[in-house]
Each structure stands twice: as structure tokens, then as C-alpha cells.
Amino acid sequence: RLERQDLFLTRADTVLKPLFRYCQYELQQAGQPLLVEEPRLDSSSKSTSKEDDTTNTTIQFRGQDLELDSKELRVLWLKWESLASGNDGDETAFLNRLSVLDDALELVQAQFQTLEQAQAGPAVQAKRQQNRLWKGYLQWLKTKQVMDHTSNLLQNITGHAERVHIYDALLQHAKSLLLLPRPDQDEDDEFALQAQANILRLRALKTYHMAWHYYQESKNYKAAWTLLQHSTTLCKRAAEEIAACDEDMPHSQEYLEQLDSLPLASLQVALQAAWHWQG
């Protein structure tokens, strides 16, 4: 259908419009009244099929509108919405949410492969871009679920070494968000800026707990001091980046308070005391 739409629009633009203008010119030369105003064709206009007449839900992602324009995707989205409000600590609910997102990703990927075989045109290209962004959006939702689930593990962990491992896992997931499909634009979008700010925050927290581990377990005070200084620098940079982001950044205030309350001074005092007694 998209190929036929592209074919019609191309012929209308290259064949019908020139003929229309020629007829208008001939009528004008003969002193006859002109025809109706030249019709305008929008290459992005939607089909008037029965399926497209259905009210579609529009989702915003990276400044772009994503439409639930297929029955299968709408069904999966309704299923996702029914599960999204579940308890984050419920392992079964967590796995069910991931399963629905995997099904949606598989559907979008199948649609994308079908479009890859279609002849390129404005409508086909627009649909390909929609599918790329849908893939990015679904992957973001899945990564966010995994990160939230992993973050909950921190509530029951006090050891610095274990916290380092968890923050390292979160950091890898956060970095993967920068590789998601993005809109066709040169400048950084707000989504990427927020992801980069969160990466700095996670690096600061990971480095902070590494410093405590070197201080308590390895008794390597020099390495701990270096890590502490690096963590202090990262905390400052992360706070600046988070504050500079749009107010729509999720958990921005919580992140700023977390960085501000990080007891960096306590570790500094502990290290100075350790060096004093060691020296």
C-alpha cells in the first residue's frame, strides 16, 4: 500500500501537475475561465482506509510522535499498560513486562524487514523512520525496566564491593541508551543529554564506593584517595549536567539530592586519619 501511495504521488507530481498547469495556460490564452485551484498533494497524508480511521494513540519519544498504527501493536501496548503499573519488586511482574516488550520488538523488527524489501519512496521512508524510532522506544522501555529492577537491589546491600558491581551494571545499561535509534537530526536531543548526565552520576557513585573498598578492604590509601578525588570531580560535573537538563528528566531532583548528600568528606577524613596513624 505504501509503495502504491508513493507511485501515485510521484506520478501526480511529475505528470498530472504539469498537465494541469498546461491546461490552465491554454485556457488563459484563449480567454476562457480557469479551472479550479491546483490540487495540493501531501506525501505524508494518511490513508483513509477503515483501519486508519481508528483513533490511534500517539506516543512522544525524542521529540517525535510515534503512532500505534497497527492492530497487533495496539494489542501489545494495551497489554503493556496493564502490566506497567505493577510492583517493581515483583519478579513475575518484571519478567512479564519484559516478555511483552520482547514481543513488541519482534513485531516491529518483522515490519522493518518487510519495509526493507519495499521500493523506496517518501511514504516508505517515513514508515521506516517510524519503525526505527519504535525500536528505540521499546528498547529504552526494556532497558529502563532492567535498570529499575537492578537499582532495587541496592536497598538490601551495604558492602561497597557489591555496590560497585551493581553500579557498574547500571552504567553499562545507561551507556547503551546512547546507541538507540535517534531522529534524523545533527544536534544532540534532550534524551541524549539526559542519558549522558545519568552516566556521569553512575560513574561518580561507582568511583565513590570503589574508594571506600580500597580504604576498608585493601588498605590501599593512595588508590582510595585518587578515587575519592575523581569521584568528587564526577559528582560536580554530574550535578551540573543534571541541572542543565530539561525539567522533564526523570528523577532529576532525587539525583541532585543523592549527589549532594554523598558523604565524600567522611571518606576524606577517614583517609587522612589512616595516613596519620600509618605515618
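Residues numbered from 1 in each chain as written. Predicted model: local features only at pLDDT ≥ 70, side-chain atom pairs only at ≥ 80, totals over all residues. Heavy atoms only, no water.

**Overview of unusual backbone geometry**
Item 1. Phi is positive for Arg62, close to 55°, though the residue is something other than glycine.
Item 2. Locating Arg62 in the fold gives a position in the loop between strand E1 (58-61) and strand E2 (64-67).
Item 3. For Arg62, a relative accessible area of 10% puts it in the buried group.
Item 4. Despite not being glycine, Lys219 has its phi angle at roughly 55°, a positive value.
Item 5. Mapping Lys219 onto the fold places it in the loop between helix H6 (190-218) and helix H7 (221-244). (Helix = DSSP H or I, 4+ residues; strand = E, 2+ residues; numbered from the N terminus. Buried < 20%, exposed > 50% of the residue type's maximum accessible area, 1.4 Å probe, protein only.)

**A word on the packing of helix H5 (residues 160-176) against H6**
Item 1. Packing of H5 against H6 leaves a shortest axis separation of 9 Å and a crossing angle of 160°. Judged by the inter-axis angle, H5 sits roughly antiparallel to H6. Of the two possible hands of crossing, H5 and H6 adopt the one that is left-handed. Mapping the contact onto sequence places His160, Ala161, Arg163, Val164, Tyr167, Asp168, Leu170, Leu171, Ala174 and Lys175 in H5 and Asn198, Ile199, Leu202, Arg203, Leu205, Lys206, His209, Met210, Trp212, His213 and Gln216 in H6. (Axes fitted to C-alpha atoms, helices over the stretch in contact; angles between N-to-C directions. Parallel < 35°, antiparallel > 145°, perpendicular 65-115°, else oblique. Left-handed = near helix turned anticlockwise from the far one by under 90°. Contact = heavy atoms within 4.5 Å.)

**Overview of the confidence of the model for the protein chain**
Item 1. The pLDDT averaged across the protein chain works out to 82; a share of 78% of its residues lies at or above 70.
Item 2. By mean pLDDT, the top-scoring element of the protein chain is H5 (96), and the lowest-scoring one is helix H1 (residues 2-29) (66).
Item 3. Every residue in residues 43-55 is under pLDDT 50, and counting partners more than four places away or in other chains gives 13 contacts. (pLDDT = per-residue confidence, 0-100.)

**Here's the deal with empty space enclosed by the protein**
Item 1. Following the criterion strictly, the structure yields three cavities of 30 Å³ or more and no others.
Item 2. Space inside the largest cavity adds up to approximately 50 Å³.
Item 3. Around the largest cavity, the lining residues are Leu73, Leu76, Trp77, Trp80, Val100, Leu101, Ala104 and Leu138.
Item 4. Breaking the lining of the largest cavity down by element, the ones donating at least two residues are helix H2 (71-84) and helix H3 (91-116).
Item 5. For the lining of the largest cavity, the leading source of residues is H2, giving four residues.
Item 6. In the lining of the largest cavity, the residues fall into eight nonpolar, no polar and no charged. (1 Å grid on protein atoms, 1.4 Å probe; cavity = no way out; pocket = protein on both sides within 12 Å on 5 of 7 lines; lining within 4 Å. Points joined across faces, edges and corners; volume = space filled by probe spheres on them. Nonpolar A, V, L, I, M, F, W, Y, C, P; charged D, E, K, R; others polar.)

**Observations concerning the packing of aromatic side chains**
Item 1. Evaluation of the coordinates by the stated rule reveals ten aromatic pairs.
Item 2. Here Phe61 and Trp140 contribute two aromatic rings whose centre-to-centre distance is 6.3 Å and whose plane-to-plane angle is 35°, an arrangement assigned as tilted. Linking Phe61 in strand E1 with Trp140 in helix H4 (residues 122-151), this pair joins segments that are 79 residues apart in sequence.
Item 3. Residue class for Phe61 comes out buried when judged on its relative accessible area of 3%.
Item 4. We classify Trp140 as partly exposed; its relative accessible area is 22%.
Item 5. With a centroid separation of 5.8 Å and an interplanar angle of 45°, the aromatic rings of Tyr215 and Tyr221 are classed as tilted.
Item 6. Assessed through its relative accessible area of 13%, Tyr221 is described here as buried.
Item 7. Ring-pair connections join several aromatic residues into one group, and the members of that group are Phe61, Trp77, Trp134, Tyr137, Trp140 and Phe191. (Phe/Tyr/Trp six-rings, centres within 6.5 Å; stacked < 30°, edge-to-face > 60°.)

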